[in-house]
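Examination of the molecular architecture
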Amino acid sequence: MKIAVLISGRGSNLQAILKAENEKKLGNAEVFLIISSNPNAAGLEFAKNYNKYAVVLDPKDYANKTEYDKKLKSIMLENDIELIVLAGFMKVLSHSFVDYFKNKIINIHPSLLPAFPGLNIHERVLEYGVKYSGCTVHFVNADVDGGPIIAQRVVEVLDGDSPDSLAARILIKEHILLPEVIKKISENKIIVNQRRVKVN
Ligand code: GAR
């Protein structure tokens, strides 16, 4: 299963995926292509280190979202990409793009969705005072952070937490969860029934 990983910054989830692939823990999935929306993304280094083909698609080079997503779509089709993994990709994809690739795009989000979608998640988690947070891998649909949930991991919020300390503990779980889900998808072990996703 040929996958594309889309990033915008640090790329630690990309690194975790590449490491899992190297260790033969990614099932039938092959990281075929990496796309960064940011030419200066630190995560591009990982592409180099693991000898992976990487493309920078900077929104600044496109007149609008439609043009950007058109280019993205053509790259996916030209490369026969079967799964698109958003790993810290900070651009919202257009409805037509996500509709076209229905159940073929997954995203990792650092909260227990549907709680705390969007940005500044850990700040809001601490402000609200919830006792547990975590991370979610979900299919991407037209509702931002609102697609069917595939898997979640829980992290306890501690009294002394800052947004950074909480983010760091959640990130450890993200790095385990995302490659695990990719592996399951590549082995056809994920069954989607409306919003309910069964992982075998
Ligand atoms: C991760 O924590 C990911 O869950 C989050 O951005 C970080 C990217 O880190 N994604 C979102 O907030 C998406 N809404 P990374 O670049 O080191 O993988």
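Anyway, here's the lowdown on the structure attached to this text. (Residues numbered from 1 in each chain as written. Predicted model: local features only at pLDDT ≥ 70, side-chain atom pairs only at ≥ 80, totals over all residues. Heavy atoms only, no water.)

Here the focus is the sheet that holds strand β4 (residues 83-86). Taken in spatial order, the seven strands of this open sheet run β3-β2-β1-β4-β5-β6-β7, and their pairing is mixed. Strands with a single pairing partner mark the edges of an open sheet, and in this sheet they are β3 (54-56) and β7 (149-156). When the angles between neighbouring strand axes are averaged without regard to direction, this sheet yields 20°. Note: strand β1 (residues 2-7) against β4, four bridges, orientation parallel. Each bridged residue has a counterpart across the sheet, and for leucine 6 the counterpart in β4 is leucine 86. Contacting β1, β2 (30-36), β4 and β5 (105-109), helix α1 (residues 12-22) runs over the sheet at an angle of about 165° to β2. (Pairing = 2+ DSSP bridges. Helix = DSSP H or I, 4+ residues; strand = E, 2+ residues; numbered from the N terminus. Axes fitted to C-alpha atoms, helices over the stretch in contact; angles between N-to-C directions. Contact = heavy atoms within 4.5 Å.)

This paragraph deals with the site of the ligand. By nearness alone, every residue bordering the ligand is listed as Arg10, Gly11, Ser12, Asn13, Gly88, Met90, Ile108, His109, Pro110, Ile121, Leu171 and Glu174. Arginine 10 has a polar side-chain atom sitting 2.6 Å from an oxygen atom of the ligand. In the model, an oxygen atom of the ligand is placed 2.7 Å from a nitrogen or oxygen of the glycine 11 main chain. If the ligand stood free it would expose 450 Å²; the protein chains cover 89% of that surface. (Near = heavy atom within 4 Å. Polar contact = N/O pair within 3.5 Å; in protein donor to acceptor, adjacent residues only side chain to side chain. Areas by Shrake-Rupley, 256 points an atom, 1.4 Å probe, with all protein chains shown as cover.)

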